[in-house]
Every structure is written in C-alpha cells, then in structure tokens.
Amino acid sequence: MKPNQNFQYISFKLAHTLMGIDILDIREIVPSSRITRVQLAPWYVLGLLNLRGQILTILDIRVLLGLESPHQVSGGHVIVFKYANVGFAVDGIGDVSSIDREKIEPVPANATPGVQTYADAVINLHEGVMVILNAHKILSCARTESGLQRSL
Amino acid sequence: MTSEELDSLDAMALEFIAEIKDDLAGLEPSLLAMEKKGEYTEDDLINHAFRTIHSIKGGAGFINFKELAGLGHDMENVLMRLREKTLTITPDVVDALLIGFDKMKLMVEQIGKEGAWDYEKEKAALQSILKTDQKNLESLVAVNQMPSRQEDAENIPLEAYQVLKPLGTSPVFKGQEFLVDKKRLDHALAAQKFIYAVYVRFGADLEAKSKDEGAIVDDMKSIGDILFSDLNQSLGKQERDGFFCVISTILDLPLLSQVLEIGKTQMTLVDRQFADYETLMKGVSSRAVKDKPALKAPDTMNLTPSLAEEPSAHGPVESLLSSATTGQSLRINVDLISRLMNRAGELVLARNQLRPFLMSHAKEDNLATGILQNLDMVTADIQEAVMQMRMQPVIDLMGKYKRVVRDMARRISKKVEFILEGADVEVDRTVLEKLANPVTHLIRNCIDHGIEFPDERLKKSKPETGTIRIKAFHQGGQVHIRVSDDGAGIDPQLILSKAFEKGLVPEDQLDKMTDKEKIDLIFLPGFTTSEEITDISGRGVGMDVVRTNMETLRGRIEIDTVKGEGTQVHLIIPLTLAIVPSLIVGTGQSRFAIPQGNIKEILYLEKGTVQSRVENLAGSEVLRLRGRIFPIIRLRTLLGITTYIEEPITGKKAEEKRKAIADRRQKDKADRDSKTRTREKDRRTHPWDSTYVIVLKLGGNLFGLCVDAFYDIEEVLVEPLPEYISHLKCFAGTTLLGNGDVIMVLDVQGIAALSSLKFDSIQTEEARRNEAREDQAKGEKRNLIVFTSGKNEYFALELKRVSRLEPLNPGDIHYTGYLKHIEHKGHAVLLFSMDEFLPANECDLTAGEIFIVFPKQISSRVGIITSGIIDTLETDKPIEKDDTCPGPVLGKLFVDGMMVQVLDPDHFSNLIEQKLMKTKGAGVSRENTDR
C-alpha cells in the first residue's frame, strides 16, 4: 500500500465476517450465476464461471481463510480480480468507501493462520472490524496452499 | 533511410510497407520453385518473381527507400536475364537471388530502426552471377541469335516516336493521341511501369487546390517520368481548361489519383500498355505482337495484385482488373479476433436468453418464429466463421521449411528433398506458433544426423537424394505431425554410449535398458552425438527443447527408428485450443465433454441387462461385450459426484449410496421391489436402472465409462485448464457450451490413469506376458521372514507386512472351543495357525520356541501362531508360482535346502478378515475350522 493516500476499498460480507479489498485490484463484480463445480479440484476452488465468454476460476476464500466449512454454497456475487481470469465468491456486497491510511491497523496477532496469510490489515469501523485482503496473495494461493489439495 | 525520414511516414507509406511485406512473402516460394524446375521453369514463374520484385522496388521508390529499391533493381537485372533465357537457372543463381531476398526482408523489418542498409555484399553476389555468366551469355546469343532487350534497343534502328491511344471510355480522352519518345516508352515498359494518360484541369485540379503547374509536374516527376505533356501549348489558350500529359509510373490508378489529387476519370491507361503486358505474360520476346489489338480474354491475364484494387465497373479494362480480385485477404489483429470470438459466444448466450421469450410469443404471432429462426441461423453462422478465423493451415508454418531444408542441405552438401503432406490441415494459430521451434529442430536433426552424404547413400543403395517428409493430419481429436526421413536411423547402442560418456546414465543401468529407453535418452538435456559444435547442431539442447516445447503444448513425442532405414518423429498435440467435436455426457448434476475421437462406441444397458452384462470381478467391474471383457469405470465414483435417487411418491431425493452397478444388493432389491410394487412407475428411478457405457479407446486398449446420460455432439473450443486446477490430469480443459455453461473436457488418458487402469503395462496380451516374464526373471528384492508351522513346512511373509513378533508360552493359550486366545496388554488376541488357511500340517505347539507373528493391516487383535522363526532373508530370487500353489501362496522359493512358501499378504489378510467375519457368525465357521 502506498502511504499518504486515501485507501479505497470495497466491502463485502463472507461467512458473517466483514471484509474489504482494494478497489484497484478488482475488475468488476458480477452476480454469481451457474458456477460449474470442478470435481477433484482443491477445496479452495469453488468452480468455473462463464463471464462473457471468458472462463473464470472462482475461488472460495472461506477455505483459504479457514472460516467455515466449504460445503455451503455462497450465494450472491463474485468479485473478479483485475489481473487474471480469477474471482472469488462473496455473500453480500457492501459499499465502496475510502479511509485514511493512518487508520489502517496491522492484523491482530491472534488471527487464524489463514487470515494472517491472506489479509494485509484491519480497519476499525463503527460497524465492526473489517479485514482487508491482499489480492496478490489470494491469486497465488495455488502455490501456497499445496496442503489443501484434495487428495485423489 | 533514416529514422527521421520514417517519422514522417504517413499512413500511405505504412500501407506500402505492408504491401512490400506481402510481396516478399510471395517471392520466396517462386524462387524455390524456380530452382527446382531449373531450366524448365515456366516463363510465368519468372514473370511472377519479376513482377513481385518490381512492385517491391516500386513501393520502395515511393517511400524513398533507396537502398531497397537499389537492391530490387539488381535482382531485377538477374531476373531479366533469366526471362530472356540468356541466363540459365542454377542453384547458384537462386542462391544469389535468395541472398538478395533475405536482405530485402531484413531491410523491411528494420524500417524505422537504425539498421545496416548497406547491401554491397548482396549486390556483389548478384552481379557476379551476371559476370560469370557473361561468357555463356555471349555464346548463347551467338548460337541462338536471340538478342537481349537492351541490345535490341541499341542496335536495331527504330522510329523515334510512337503514337499512344488512351484506353477506356472516359470522354476526356476521346479522340486524343499522344506522340511519345519511343526509347523512353520502351524503357518504361521494360521496367514494367504503367503508362497513364492524365488530363489536368487548371481550375479544378490546380487553382482549387492552390497548386500551380510547376507543382503538379513536380508531383508527377516524384512518382515517375513524364513522357509527354502539352502544358506549354495549352497554357494561355482559351479553349483549353487543362493539359494532357503521359506519365510512366509504378503506381496503380487509384493510388495515382490519390497522389496527384486528380479524379480517376481524368486518367487512363494507354493502349501500348497491354500490348506489352501481353508479351510480358507470354514471355514472347518478339515484338511482333505489339501492334495487335491490346486486349485478350481476361482469363489469360494475370495482373499484379496492386493493379487489382478498387475495380470500377466500366469498360473492358476495368472488368479485366476485377477478375484478379478473388482470393483477397485482410490482415487482422489477433486480439481483435479473440474479442470477436468472445462476443460471438455472448451473442449465442443472448440468443438463448431471448429464445423462451420469443417462443412464448410464437403462438400468437408467426413473426416471432421467423425472427427466432433467422437469429438462430445468423448466430450459428457468425460463431462458425469466427472459429474458422483462428485456424491456420499448417502450410503457413511448414511452407517455410522448404527454404530451411534447402539452405541447410546445400551448406553441408547433402541432397535432400522436402515433401509436405496435409498442408491444408488446420491448426489453431497459437498451437502453430509453438510448433515452429520443435519442428525446426527436428528438421535440423534429419539433415544433420539423419540423411547421409550422397556417396554414402549410393553405397547403401539408397537414392542419392534423401527425403524429409512432414505429414500433418488429424486423428482422434489430436493433431499429428510426423517428421520422417529415410536416413541412417538412430543406433540405440551409440546413443547409450554417448549418454554414458556424458555421465547422463548411471553405470548400473547400462544393460537394463530397452532399445526404446535408450533412444529416449536423446531427450535428456545436454545430450548430443556430435563431436563438435557446428552451426547446425551439436550443442545438446535440441531434443530437450523439442520435448519441453511439446510439453507446454501438453503434447507427446514419439520416436520410431530403424537403424539404416530412417527415423520417424511423431508429434502428437492434444486437442488443446483446437476445436473438437465432443460428446456431451452427464452424470448426476454435472456434464462433461468427451472428445469424439476417443469414443469407439456407445452402449445403452437397459434395465435388467446391467446385471447380465456387467460382472463384478473382485471389486472391479468388467463389461462383457462380444466375447471380450473390458474394464469399466464409473465417472460418478471416479470424480466423486453425488447422484440422487428420486422417490416416485414423495419426490424426495436421496443420495445414491451403492458403489457398483453390479452390486449384488441391486439384484436382490430389484427382485424384492418387483414383488412389492406392481406398477412400473412406482419403482424408484435411479441412475443404474439403465446406464450408458461409453466405450473409449486409449491407444489400442478399450475401456468403458459409465455415465447417466448423454446429450449431443457439440463442436467445442477447448481452453486450457486454469492454473489452480491444472494438476487434474483427468481433465483436458474447459469449454463453453452453446448455452453458456462451463463444462470440463475429459482426458481419456487421464481418466485411465486416475482409475489406475494399467494399460501401459498391458499394451497387448503379448506385451503383458513378456513383461510378466521379465518381472519374474528380474525379481524384486524382498526381505522375507521365514517361519515354520508344522514339521518341515516353511512359510515366509514379507518383512514389511509384519508389525511385530512375540514369543509365546504354549501354556498361556486360552482355548474357547476351537479358538485360541492369548492375553496381550490386557486384551484378548485371537490366534490362527497356518493349517487353518492352507493345506498344511497342524501347527506344532510342542516345539521349543513358539512365536506369534502379527501381520500388518489386519485388526491388531489377530496373530499367526508359528512353531518357530527360522530366519529373515533378503532375496531377489524369482518366486515361482505354479498351479499347485494354494490361493494365499504367492509362490515357492528354495533357500538353503528348504522349500519356503511365500505368502501373498493381501490375499492372506483377506482370508483372515473372512475368518473374523465367520467367527462372528459362529456356527458357520465350525464346519470349516473345527476339524
């Protein structure tokens, strides 16, 4: 994160947790319709989605963050990353807001390993603490999460 | 030409550059064809090359690229002599022309950059051709009395002027004739320039554009020569509103009009043009035809492409021009095509969304049906066309190898012919691009290592000229490229020794390798057979690179070689990126595509036939089909897909739990069901009442894949797997269906691997037997623990299958009827002896040292009682299996005078499990175990 700039993020809810991600890292938000499951895929891959002729890989970041059992299909939306044909499913979309860089705090020391790995920071808001995710780390989860590969 | 000059290049100049590039691309094949045909080359071919170079030269002149024009001029000189038959076509001549061609290509590629524009070397090469041939030329002239064109112009007296008549119907030129200097005219015609008559209006063309006469004359001079002008005569005369001039230029009519900013109606070609063109086309050097009527039937004319642009609909000349416009192509950016393709997909999607809406209206209004049909047709057509756009015939890539082969072979003085088959096989352009490198390497290898020197070939009574053949074809949804030569072949022994020298093979493997394995050594990085590094090969990266490249395409490479007869390298590129007709099948809620090429047949097993056709063979299922037996894989189980059984009355869905089609429960249940439920529709419908078996072929093997349903055959564009799931070998890729759904494309090989079908080892029955024999001969190293049970009976179990040994005091055995127990750490442990499983003597419990062997992988409360542990031994001796061996015995082994029966741990543990089951069920077991 570049210092001394207003940080703009989009907030969303996932597994009852308030989260956010830098708007500069995302391309678009689309309704998650018809995600094709991929059998034998790692747990953190929710499936594939056709977005205007491009096949997107939809990740289940609940698994990455160790939040909840991955069996429940999250309804709602898919946030698509800017850099790759990859997105992740969220339960609900909030707002785009901005905040001073100074108000951003490091991830608490007692956070779960998943949160420690994929989150950059937290923001203390009125409605609760928001976890700010790091898009690049999520994108490279295939390399970090070899342990989560479903055994064949 | 400097970069500053190029900065000022306008769009038109860029167009010229593109055109020059096109011309260059067309030039190479003609030059190579000329070489091949030698002195029998048709005039058409030479003329074609000549025209191409000429238009390049013209284009270069236009953008003021003097070096390129100069080089073009030198090449023209040579071609001119070829055309006049005063120079015969030899490889040397073609060499010189090709050198020039290469330089041209380089120059064009470097336009806009600072580059080496110096073409002295090429010029010298071209001129030396002319010089060395000077003597021949003179003799040729003396014999044939065939003067060259220049001599023609100089020696034969001519009229000084020639009358030109404008062609076409434009009223401006009606009745006009122009008198031009014949020498200059001939010169212009010889240089293949167009001769135009142009009428320049003082008012519209000059004053309105604030030009004066000098400016327009300068413009004309910049693009060509002014052969005639009545500017001076017409100036100041009231009755004239303009002046005529005749110019020679390389520009075609539309361009000329653009450059001079004069309307097309005010310019036209003159009659001499076509007379001369005809002589040119026919290659007749005689000028006798020059005064004949200018026009012939259009089909005898073959105009340069530059002439063919913008045909207008008037007059014979124009119609003639339009005949050359067929087969035009357009450059399109690849990104644009990809975008178009994506959008075409979306269009289909939108159509599908619109369909139900229109259908609902169709009842009231027939118009809706019409609209829908029209929309269907158009979208399908667009989709198809866009798909085709990405495909390129392999000739686009392979065509250039003609040159590569020729150059390389000449350099090392071998004689090689290159044959390309299946040039029109279409491959996705991305695949084609990635093929370029591997195929170049393979061809290089063919020439350098494969094809022998001519004298060597003659000694081996092979034709002097070697042949390299590339064949491209589609098979089984894959693109096959076969590069074969009739050269020396690969000697496996030589490969092995080279690899060993370079330390690529450990010594202990040397004599264990099969010929195929030896040959595969050439894929190792750093492997080379060359003693020295030449500019063709020897760096030892070749085949390694080929294989790596193929791997990125997820393709395979196979080598077939016969020493002394030649080598065949087979590149098999999977359907990735290619469009493949695929069968869409469904299991549970999921659908999959199976490439049609992998499918042998589709069986439908009806209710009831499932039991009769599918056999459960020790947990694995096999299908009986026409007297043969095939393994069956269920997609559902393989991929862990949940299927549901629907209750007919409640409509509830329950998860399907059975594991096999031929599950015995099914039959019992079916019988029971049929008793309790009389009406057919009351029966629960579930996926295995009936099933589809897709019989797939993998190499020479067949296996069945059970699916619940199959839908349709669709042409799908397979896209590679995203990186997150790229490790899943059972999928070849992903694809979008017509309705916008994403589905996975199954990889037949991957499925076979995932379900552990051991096809690799049983290619054929023969191979399997061979291997079995080999396996036995080799024998694995086994660590055995040898124990005895009855007197002089020895058994062995693999050490790794034994968890522990315990000494036992016979007095500690507690009997319950026929069962023996001991106490171990407070628990009861059930003991069995060998004679309960095998034909063997009763265990001798009187022996001094009684031990219990605890096998692994069985319930920990079970032990085998023995009357003594003999030894542990490490052996790689073959274990002989014969028909007399009882089931749980793997085979017999002779050690130190003992015959040891080696137990099959898996089979043995099964027996124990069964035993345990029976003891639970009491009574039953009594008959078996209580003797």
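Residues numbered from 1 in each chain as written. Chains lettered and ligands numbered in written order. Predicted model: local features only at pLDDT ≥ 70, side-chain atom pairs only at ≥ 80, totals over all residues. Heavy atoms only, no water.

## Thoughts on helix α13 (residues 253-260) of chain B
Residues and elements named next belong to chain B.
Argument step 1. Taken across its eight residues, α13 has six buried, putting it largely inside the fold.
Argument step 2. Here α13 has its buried residues at P254, L255, L256, S257, V259 and L260.
Argument step 3. With its phi angle positive at about 55°, E261 sits one or two positions after the end of α13. (Buried < 20%, exposed > 50% of the residue type's maximum accessible area, 1.4 Å probe, protein only. Helix = DSSP H or I, 4+ residues; strand = E, 2+ residues; numbered from the N terminus.)

## Here's the deal with the interface of chain B and chain A
Argument step 1. Counting residues at the interface gives 27 residues for chain B and 26 residues for chain A.
Argument step 2. Buried area between chain B and chain A, summed over both chains or domains, comes out near 2100 Å², and the portion from carbon and sulfur atoms is 62%.
Argument step 3. In this assembly, chain B and chain A are joined by one salt bridge.
Argument step 4. With a shortest N-O distance of 3.0 Å, B:D741 and A:R34 are connected by a salt bridge.
Argument step 5. Linking chain B with chain A are four residue pairs in polar contact (both at pLDDT 80 or more), by the criterion used here. (Contact = heavy atoms within 4.5 Å. Buried area = accessible area lost by both parts, 1.4 Å probe. Salt bridge = Lys/Arg side-chain N within 4 Å of Asp/Glu carboxyl O. Polar contact = N/O pair within 3.5 Å; in protein donor to acceptor, adjacent residues only side chain to side chain.)

## A word on the nonpolar core
Argument step 1. Membership of the largest hydrophobic core comes to 64 residues, with the highest contact counts inside it found for B:L97 and B:V198.
Argument step 2. Considering each element in turn, this core owes the most residues, nine residues, to helix α5 (residues 91-109) of chain B.
Argument step 3. Excluding residues that lie within four positions of it along the chain, B:L97 makes contacts with B:L31, B:M34, B:M75, B:V78, B:L79, B:L82 and B:L126.
Argument step 4. By size, the runner-up hydrophobic cluster in this structure holds 63 residues, among which are A:V38, A:V86, A:A135 and B:C730. (Core = buried A, V, L, I, M, F, W, Y, C linked by side-chain atoms within 4.5 Å.)

## Some remarks on the sheet that holds strand β28 (residues 794-798) of chain B
Backbone-to-backbone hydrogen bonds join strands into a sheet, with any given pair of strands oriented parallel or antiparallel.
Residues and elements named next belong to chain B.
Argument step 1. Spatially, the five strands line up as an open sheet ordered β35-β27-β28-β37-β36, and their pairing is mixed. Edge strands, defined here as strands with exactly one partner in the open sheet, are β35 (869-875) and β36 (889-895). The sheet shows a mean angle of 30° between the axes of neighbouring strands, taken without regard to direction.
Argument step 2. Direction of pairing for strand β27 (residues 782-788) relative to β28: antiparallel, over a ladder of five bridges. (Pairing = 2+ DSSP bridges. Axes fitted to C-alpha atoms, helices over the stretch in contact; angles between N-to-C directions.)

## Topic: the pairing of strand β12 (residues 556-562) of chain B
Residue and element names in this part refer to chain B.
Argument step 1. Along β12, the buried face is formed by I557, I559 and T561; none of R556, E558, D560 and V562, which line the opposite face, is buried.
Argument step 2. As paired strands, β12 and strand β13 (residues 566-573) are joined by seven bridges and run antiparallel to one another. In the strand pairing of β13, T561 is matched with T567.
Argument step 3. Adjacent in sequence and paired antiparallel, β12 and β13 are bridged by three residues, among which G564 carries a positive phi angle near 90°.

## So, the pattern of salt bridges
Argument step 1. Scanning the entire structure with this criterion turns up 16 salt bridges over all chains.
Argument step 2. One salt bridge connects A:D60 with A:R62, and the closest N-O pair in it is separated by 3.0 Å. Here A:D60 matches A:R62 in class, with each residue buried.
Argument step 3. In this structure, B:E452 and B:K460 form a salt bridge, with 3.2 Å as the shortest nitrogen-oxygen distance.
Argument step 4. We classify B:E452 as buried; its relative accessible area is 4%.
Argument step 5. What you see here is one network of salt bridges that share partners, running through B:D92, B:D95, B:R406, B:D407 and B:R410.

## Re the sheet that holds strand β10 (residues 466-475) of chain B
Residues and elements named next belong to chain B.
Argument step 1. Across the sheet, which stays open at both edges, the five strands sit in the order β8-β10-β11-β13-β12 with mixed pairing between neighbours. Whereas interior strands pair on both sides, the edge strands pair on one side only; in this sheet they are β8 (416-421) and β12. Taking each pair of neighbouring strands and ignoring which way they run, the sheet shows an average axis angle of 15°.
Argument step 2. With seven bridges connecting them, strand β11 (residues 478-485) and β13 associate as antiparallel partners. Its bridge partner lying in β13, H480 is registered against I572.
Argument step 3. Helix-sheet contacts for helix α19 (residues 401-411) involve β8 and β10, and the interaxial angle to β8 is about 165°.

## Notes on the pairing of strand β34 (residues 862-866) of chain B
All names here are of chain B.
Argument step 1. With five of its five residues buried, β34 lies for the most part within the structure.
Argument step 2. Both faces of β34 are covered, namely the face carrying V862, I864 and T866 and the face carrying G863 and I865.
Argument step 3. Relative to β34, strand β32 (residues 827-833) is paired through four bridges, and the arrangement is parallel. Residue F832 lies in a different strand from β34, and its bridge partner there is I864.
Argument step 4. Direction of pairing for strand β33 (residues 850-855) relative to β34: antiparallel, over a ladder of three bridges. Bridging across to β34, F851 finds its partner in T866.

## Comments concerning the packing of helix α4 (residues 66-83) of chain B against α5(B)
All names here are of chain B.
Argument step 1. Taken N-terminus to C-terminus, the directions of α4 and α5 make an angle of 160°; their axes are 10 Å apart at the nearest point. One finds that α4 runs roughly antiparallel with respect to α5. The handedness of the crossing between α4 and α5 is left-handed. Across the interface between the two elements, E67, L68, L71, G72, M75, V78, L79 and L82 of α4 pack against V93, L97, G100, F101, K103, M104, M107 and V108 of α5.
Argument step 2. Here the contact of α4 with α5 is built from residues that sort into 12 nonpolar, two polar and two charged. (Parallel < 35°, antiparallel > 145°, perpendicular 65-115°, else oblique. Left-handed = near helix turned anticlockwise from the far one by under 90°. Nonpolar A, V, L, I, M, F, W, Y, C, P; charged D, E, K, R; others polar.)

## Some points on a nonpolar patch on the surface
All names here are of chain B.
Argument step 1. A contiguous nonpolar surface patch, about 480 Å² in accessible area, is contributed by L330, I332, L336, L340 and M389.
Argument step 2. Within the element layout of this structure, L340 appears in helix α16 (residues 334-362).
Argument step 3. Owing to a relative accessible area of 41%, L340 belongs among the partly exposed residues under this scheme. (Patch = residues over 30% accessible without salt bridge, like charges linked within 9 Å, V, L, I, M, F, W, Y side chains within 5 Å. Areas by Shrake-Rupley, 256 points an atom, 1.4 Å probe, with all protein chains shown as cover.)

Shape descriptors only; they carry no functional weight alone.
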